[in-house]
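Chain by chain, the residues run as shown.
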Amino acid sequence: MQNNIAVRFENITKTFGSVKANNKISFDIRKGEILSLLGENGSGKTTLMNMLSGIYYPDEGEIFVDGKPVTITSPKDAFSCGIGMIHQHFKLIDVFSAAENIVLGLDEKGNYDRKKVAAKIKEICDRYGFNINPDRKVYDMTVSEKQTLEIVKVLYRGADILILDEPTAVLTPQETEKLFAVIRNMRDHGKSVVIITHKLHEVLSVSDRVAILRKGEYIGTVDTIDATEMTLTEMMVGKKIELDIERPEPENLREALSVRNLTCINDEGVKVLDSIEFSAYSGEILGIAGISGCGQKELLEAIAGLQKVYGGSIMFHPSDGKKSKELVGKTPRQIAKLGVSLSFVPEDRLGMGLVGSMGMTENMMLKSYNSGHSPFIATRKPKRLAEKIHDELEVVTPSLNTPVKKLSGGNVQKVLVGRELSCDPTVLMTAYAVRGLDINTSYAIYHLLNEQKKKGVAVIFVGEDLDVLLELSDRILVLCGGRVSGILDGRTTTKEEVGLLMTKLGGKVGADNE
Amino acid sequence: MSNKNTQKDPFVRIVRRSSMPIPLAWTIRGISMLLALLLSALLIYTITKLDPIEVYKSMFNGVFGNKMRSWNTFKDVAFLLCISVGLAPAFKMRFWNIGAEGQVLMGGIATAACMLYLAALPTPLLFLCMIASSLLAGALWALIPAAFKANFGTNETLFTLMMNYVAIQITSFLVSKWENPFGSNTVGIINSLTRAGWFPSVGGQKYGLNVIIVLVLTVFMFIYLKYTKQGYEIAVVGESVNTARYAGINVKKTMIRTMLISGAVCGLAGFVAVSGASHTISVDTAGGRGFTAIIVAWLSKFNTPMMILVSLLIVFLENGADRIATDFGLNEHASEIISAIILFFVLGSEFFINYKLVFRSKREEVTE
């Protein structure tokens, strides 16, 4: 066996029910390299890495570490093979300090020696260029600090092979750069780093090699030097794809929604929205950027009548020149009764936008079931709508009555977006509309949003991928800590400018109270 | 490929099934029932040296042996089914109403009070009073925890459970107030001479009306939950309160309305039990059926027609167990073991319907 191979997969297969998540996958991870594991959602990246880190156990095939076959049935086994995984959702105890989280679960004999642990943490930090305070509690940390802590935790256990699952999803561009620097540092110290991702430009900027999966199959590994966004997409999707998002010039701009001085306070008494002011115009796409949890969800919910508003106003201006209407203090049903056609694709699709245990037909009537005076539900119209969405958006489902929670994420989103677009909205709000969707579906959704914009709908698009926000939006509103830190022109601004506003309020540091 | 044997694979792994055809699922349920009967037979033979076939025969005899026993069984099924149907809307809304026991008792008290104080009324009017008051009493008993949950977010499980004990205390107070004859500490058969407020016999069967009322109720509840707007609201609230709010459903209103219905139907079960069966009231009128109904509701996955089958099974097991206890002079607990084994297998079969086991040997066959 060659010496520079850290992990070798041989014919790994894993099935969930009838779905082959991984089918006979074989490839190597070398020592001292950064390998990107690229693939669309549902292509089996995370499943494969979960088998390496002991979360799942393969149905077939073998894993070799340092040339020896190993059986990994638990994360503990994985650590003893020198494998550590940093999950997308951090696995930290909030009320513990950094050091306590790091030693948690270790089987070391003797007492917990605070100084020794701190010294070892410091040594790791110095070597790779991290910066963490061992005594800081997790609940005081930012997302990026928590991620750093997860990485240190894995290194502390002596991992030589690190797996990072979508590490940049929650980071700002600046934090991402910092993370990449550390990752390069670790590579130079001989560690193998695997990054699970579907962001092409990150793949190109950080990795040495790229392994590509598609629908559970291993497609191939290429050296990053030889790759371009186009070739990678083609391998990932299986066909050529146009990666440009069109941005038609907005026409007939008319103020549709004006938000003034909007403030919301949550149950814990924290100001989740603080004096928000902006207008949304029909015929344009207003992008909303921000680190997750900066008030995006609350803002959309406040407009939809789902969030208790502490102060301020949300005025809706009808297109026919009738009197403007105040939306604050109204329930969703009252808003609908005012004749305000408001469509809302919430972030939590199955927890808010749809009923998971119901089929497509029953989900179609979620907002309209109450129309008419009969005490019985009418199923004919929703059924026709379901059929229409099923055909037009190519929803893959065994039947219109299959519970939507059994569908894949992309199909769930199509059902939700389809329903929300079907009622001819004046204002369309979407939160993370393409999260978890494959490239094809994502572009289909961008296209649908542009169509709405051309029809004169005021589109509010909360996004997490800055590249997409910059390409799609006419204007970008940046939220930071519940405040508007800036509204930028989508055509002229840069990623760095947006990134800076995401962390600082209009240039001033002010978001540290989170 | 030489060192395959050095690997220590897990011996058995549990894997979720994607789906199973319905006939196969029922075959598995049937097989598990047979296995349960076999295991019980073995147990019966090893412990008591009785002929298991005879024991099963007597079990069946005790439940369906003659017309009277059959109707007695139907009466018990009707009562249990009525409470389960009452729990269905609440459970569908994920409101864990375990206060059926108390709601039944309150309905029973209301019925008994009408029978005692309004016996002079003409029969139709008396029945109207009994039905209305039992519905109201049950609904009130459910409204209290529902209102607290809707307004203050209290835990409904604890609250409804506690309400049971309050109902029991009220019953026991009223029993001492209404006791007849004096000093017996029981209410005795109410209106035993006039039979005022007793169910009339239907088609010569004194429990005929019980069965009819409950079956009609079951059909209505099925339609209500599946085809009405309110039924749809219940399903949405049960799945996710946020989705319900998003859809413009008034969650508070739905919660309170649904619990009123749930409690009212349980109250009506009390009416059926008092007016249609025992003609008396005591702390045992509900007899733990309010809790058994929870099992029925869950086993039938809140599906009302399925509840008919499940309550029949449970009543069959319980009454059958009683029968063999008397027929063979067994300790009552011995026969309860049999029903426990059968229930255990029925529940266990659901595991095999939803999951499959993958053994180590199978995996090696595949890889080689």
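Residues numbered from 1 in each chain as written. Chains lettered and ligands numbered in written order. Predicted model: local features only at pLDDT ≥ 70, side-chain atom pairs only at ≥ 80, totals over all residues. Heavy atoms only, no water.

## Points about the interface of chain A and chain B
Chain A puts 45 residues into the contact, and the matching count from chain B is 31 residues. Note on chain A versus chain B: buried area summed over both sides is about 3,100 Å², and carbon and sulfur give 53% of it. Where chain A packs against chain B, one counts zero salt bridges. Summed over the shared surface of chain A and chain B, the number is 19 residue pairs in polar contact (both at pLDDT 80 or more). Secondary-structure elements contributing two or more residues to the side of chain A that touches chain B are strand S1 (5–16), strand S4 (60–65), strand S5 (68–70), helix H10 (332–337), helix H11 (349–353), helix H12 (360–364) and helix H14 (409–422) of chain A. Looking at which element gives the most residues to the side of chain A that touches chain B, the answer is H11(A), with four residues. When grouped by side-chain class, the residues that make up the side of chain A that touches chain B number 20 nonpolar, 15 polar and 10 charged. (Contact = heavy atoms within 4.5 Å. Buried area = accessible area lost by both parts, 1.4 Å probe. Salt bridge = Lys/Arg side-chain N within 4 Å of Asp/Glu carboxyl O. Polar contact = N/O pair within 3.5 Å; in protein donor to acceptor, adjacent residues only side chain to side chain. Helix = DSSP H or I, 4+ residues; strand = E, 2+ residues; numbered from the N terminus. Nonpolar A, V, L, I, M, F, W, Y, C, P; charged D, E, K, R; others polar.)

## Quick look at a nonpolar patch on the surface
Residue and element names in this part refer to chain B. On the surface, a nonpolar cluster with roughly 620 Å² of combined accessible area is contributed by Phe11, Val12, Ile14, Phe351, Phe352, Leu357 and Phe359. Its location among the elements puts Phe11 in the segment before strand S1 (12–16). By relative accessible area, Phe11 is classed as exposed at 52%. (Patch = residues over 30% accessible without salt bridge, like charges linked within 9 Å, V, L, I, M, F, W, Y side chains within 5 Å. Areas by Shrake-Rupley, 256 points an atom, 1.4 Å probe, with all protein chains shown as cover. Buried < 20%, exposed > 50% of the residue type's maximum accessible area, 1.4 Å probe, protein only.)

## Here we look at the sheet that holds strand S14 (residues 311–316) of chain A
Residues and elements named next belong to chain A. What the four strands build is an open sheet, ordered S12-S11-S14-S15; its pairing is antiparallel. The open sheet is flanked by strand S12 (271–282) and strand S15 (325–326), the only strands paired with a single partner. As defined by bridge partners, strand S11 (residues 254–265) adjoins S14 across five bridges and the pair is classed as antiparallel. Counted as the bridge partner of Leu257 is Phe316 from S14. (Pairing = 2+ DSSP bridges.)

## As for the packing of aromatic side chains
Evaluated as defined, the whole model comprises 27 aromatic pairs over all chains. Ring geometry for A:Phe27 versus A:Tyr218: centroids 5.1 Å apart, planes at 10°, classification stacked. Of this pair, A:Phe27 sits in strand S2 (residues 19–30) while A:Tyr218 is found in strand S10 (residues 217–223), placing the two residues 191 residues apart along the sequence. The exposure class assigned to A:Phe27 is buried, which follows from its relative accessible area of 5%. By relative accessible area, A:Tyr218 is classed as partly exposed at 25%. With 5.2 Å between their ring centres and 75° between their planes, B:Phe91 and B:Trp96 make a pair best called edge-to-face. Each residue in the set B:Phe60, B:Phe64, B:Trp71, B:Phe74 and B:Phe316 is aromatic and connected to the rest through ring pairs, giving one cluster. We note A:Arg157 situated over the ring of A:Phe79; from NZ or CZ to the ring centre the distance is 5.4 Å. Just above the ring of B:Tyr45 sits the side chain of B:Lys49; from NZ or CZ to the centre is 5.6 Å. (Phe/Tyr/Trp six-rings, centres within 6.5 Å; stacked < 30°, edge-to-face > 60°. Lys NZ or Arg CZ within 6 Å of the ring centre and 35° of its normal.)

## A word on helix H5 (residues 123–152) of chain B
Between the first and last C-alpha of H5(B) there are 43 Å, a value that for 30 residues agrees with the 44 Å anticipated at 1.5 Å per step. Among the residues trailing H5(B), B:Gly153 stands out with phi positive, at a value near 65°. (Expected span 1.5 Å × (residues − 1).)

## Considerations on the sheet that holds strand S18 (residues 458–462) of chain A
All names here are of chain A. Pairing is mixed in the open sheet, where six strands are placed in the order S16-S17-S18-S13-S19-S20. Lying at the two open borders of the sheet, with one neighbouring strand each, are strand S16 (342–345) and strand S20 (483–489). On average, each strand axis in the sheet is inclined to that of its neighbour by 15°, with strand direction left out of account. Bridge count for S16 against strand S17 (residues 427–431) is four bridges, and the pairing is parallel. Bridging from a neighbouring strand, Phe344 pairs with Met429 of S17. Most of the contacts of H14 go to S16, to which it runs at about 170°, and overall it touches S16 and S17. The strands touched by helix H15 (residues 439–454) within the sheet are strand S13 (285–289), S17 and S18, with S18 carrying the most contacts at an inclination of about 150°. (Axes fitted to C-alpha atoms, helices over the stretch in contact; angles between N-to-C directions.)

## Some points on the packing of helix H7 (residues 208–227) of chain B against helix H12 (residues 304–327) of chain B
Residues and elements named next belong to chain B. The N-to-C vectors of H7 and H12 enclose an angle of 145°; their axes lie 8 Å apart at closest approach. Residues Leu215, Thr218, Met221 and Phe222 of H7 touch H12, and the partners they reach there are Thr304, Pro305 and Ile308. Along the lines of polarity and charge, the residues of the contact of H7 with H12 split into five nonpolar, two polar and no charged.

## Focus: the packing of H7(B) against helix H10 (residues 251–278) of chain B
All names here are of chain B. With their axes 11 Å apart at the nearest point, H7 and H10 run at an angle of 170° to one another. Compared by their axis directions, H7 and H10 come out roughly antiparallel. Between H7 and H10, the contacting residues are Asn210, Ile213, Leu217, Met221 and Tyr224 on the first element and Arg257, Ile261, Val265, Leu268, Phe271, Val272, Gly276 and Ala277 on the second. When the residues that make up the contact of H7 with H10 are grouped by side-chain class, the tally is 10 nonpolar, two polar and one charged. (Parallel < 35°, antiparallel > 145°, perpendicular 65-115°, else oblique.)

## Focus: the confidence of the model for chain A
When pLDDT is low, close inspection of the predicted coordinates is not appropriate. With 98% of its residues at a pLDDT of 70 or more, chain A has an overall mean of 88. Of the regions scoring below 50 in pLDDT, residues 508–514 of chain A engages in six contacts with residues more than four places distant in sequence or in other chains. (pLDDT = per-residue confidence, 0-100.)

## A word on the layout of surface pockets
In this structure, the second largest pocket spans a volume of roughly 1,400 Å³. Forming the boundary of the second largest pocket are 48 residues, of which A:Gly305, A:Leu306, A:Gln307, A:Pro332 and B:Arg245 lie nearest the centre. Taken together, the elements giving at least two residues each to the lining of the second largest pocket come down to helix H9 (296–304), H10 and H11 of chain A together with helix H8 (229–239), helix H9 (241–246) and H10 of chain B. Looking at the lining of the second largest pocket residue by residue, the classes come out as 18 nonpolar, 13 polar and 17 charged. (1 Å grid on protein atoms, 1.4 Å probe; cavity = no way out; pocket = protein on both sides within 12 Å on 5 of 7 lines; lining within 4 Å. Points joined across faces, edges and corners; volume = space filled by probe spheres on them.)

## A short note on the domain arrangement of chain B
Residues and elements named next belong to chain B. According to the domain assignment, chain B consists of domain 1 (1–50 + 328–368) and domain 2 (71–315). Taking only C-alpha atoms into account, the centre of domain 1 sits 36 Å from that of domain 2. Counting residues at the interface gives seven residues for domain 1, matched by four residues for domain 2. The junction of domain 1 with domain 2 conceals about 430 Å² of combined surface from both sides, 86% of it contributed by carbon and sulfur atoms. At the surface where domain 1 touches domain 2, the tally comes to one salt bridge. Among the salt bridges present, the one from Lys301 reaches Glu350, with a minimum N-O distance of 3.3 Å. Inspection of the region where domain 1 meets domain 2 yields one residue pair in polar contact (both at pLDDT 80 or more). Class assignment for the residues of the side of domain 1 that touches domain 2 results in five nonpolar, no polar and two charged. (Domains from an automatic or database assignment.)

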